[in-house]
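Read off the chains here:
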Amino acid sequence: MRIVTLSLVVVLMAAACGGGEENKSEDLLVQDLLTGDSVEEIVAPVTKEWHLVDGAVIQGLSKLRGFGCNDDWLYVNVEGAGNKGLFAWQFSEEPALEQIFGGVGVTEVLGSGALVANYTPNGTTAVIGVDTEGIATDMGFAFETLEVRSLSYTGTHLVTFSKDWSSAYYLVHRAKLPDGPFEQVGPHFLATGMGLYASPETIYVLTGSDPLLGTACHQAPVTAGAAAGYEPCPLFPNFVEDKPGEPYSVNAQLYGNGHRLGLWFRVSYKGEQSARHFVASNKNKWSEVEGIPAIEPASWFHDGDNIYVGLTKSGGKAAVWTAPWDGEAAAEAIGEGLPSTGDKTGVAGICLAGNQLYAAWYEYNPGGSTVQLYRRTR
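Reading the values: the criteria
Residues numbered from 1 in each chain as written. Predicted model: local features only at pLDDT ≥ 70, side-chain atom pairs only at ≥ 80, totals over all residues. Heavy atoms only, no water. Disulfide = S-S within 2.5 Å. Helix = DSSP H or I, 4+ residues; strand = E, 2+ residues; numbered from the N terminus. Buried < 20%, exposed > 50% of the residue type's maximum accessible area, 1.4 Å probe, protein only. Pairing = 2+ DSSP bridges.

Remarks on the state of the cysteines
- This structure, assessed with the given rule, holds two disulfides.
- What pairs with Cys69 in a disulfide is Cys351, and their sulfur atoms sit 2.2 Å apart. Disulfide Cys69-Cys351: torsion about the S-S bond near 120°, hence right-handed. In this pair, Cys69 is assigned in strand β6 (residues 63-69) and Cys351 in strand β30 (residues 346-353), connecting sequence segments 282 residues apart. Each of the two residues, Cys69 as well as Cys351, counts as buried.
- Should the bonded cysteines of the chain be numbered as they appear in the sequence, the pairing reads 1-4, 2-3.

Observations regarding the sheet that holds strand β21 (residues 231-232)
- Pairing is antiparallel across the open sheet formed by four strands, whose spatial order is β18-β19-β20-β21. Only two strands of the sheet have a single partner each, and these edge strands are β18 (193-198) and β21.
- Sheet analysis places β18 next to strand β19 (residues 202-208), joined by five bridges and oriented antiparallel. Each bridged residue has a counterpart across the sheet, and for Leu196 the counterpart in β19 is Val205.

Structure representation (structure tokens):
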């Protein structure tokens, strides 16, 4: 506590009620009217609640297709009758989400802008780079009948995971940005594709376990060509039904930051479904994360030090949870300040800019949904 020399002090504190982002408990104004006596200046504690970002909203949506940020920009890709395409907000400007590109698809945010896998009505995908000026550049992904389901950028290479609608196969391609070209990595997958993550050296792919029920993980070097084979991911958590009645998973997602990985499964066991969360690095085995509600997540994010999980329909529990990257501590609820979740309503995206966490709050409405932003100090 700080000692200030004053004879008369007027302390004005902004009201701490309401949901606006300007309501901060540390907003104190001390006015020195005279000089003389010593008094104590009371500084209110800094809280880490989520605050609504006034003015950053998109309406008339049917789906949130992508969400992410870097230190300077936040990007949202949406689909809907009212609005669609890539919207952006530059943090140095007043909060507003403005359309900068009309393409709809999964989105990967880079330091220099964003990449959008724009799936067109004729059944092909164009991977488009959009810079901070809104200038769109075709990155040279030229494959007919492929729909890109996942993008992952390693820092040098962009890796795509696509479904071929002419055969129902799943394929991985890789290109070194910015010059390319895109080349296939390994053979195609017959089993249903689930997810993809690429570290600086390794591509990880999740698919169904064929012919058994469950999830399989495959890995290959980032530099592998089409003739290379995939290997099973070492020490991968086993949710495959070898015998009737064993727990299995037919939906899972892998994500990460550099060499540190996060993973969740939707697990079916004796007729009940739950969610299980794990973390690892390329040198450490998988560890299960305790404490996160057993609800299939709507969003997930890894900042390198922690994982973050966002929920919809949380049953009265917090909408956001976080845990350390190594799983050495249980997850912590960090949902203070967010509205109550509902069926398809909740945190549909999480990203980090500096020391600020941003959440995309998706308010579901069958006639047209809305996305708005919340933020808190990490």
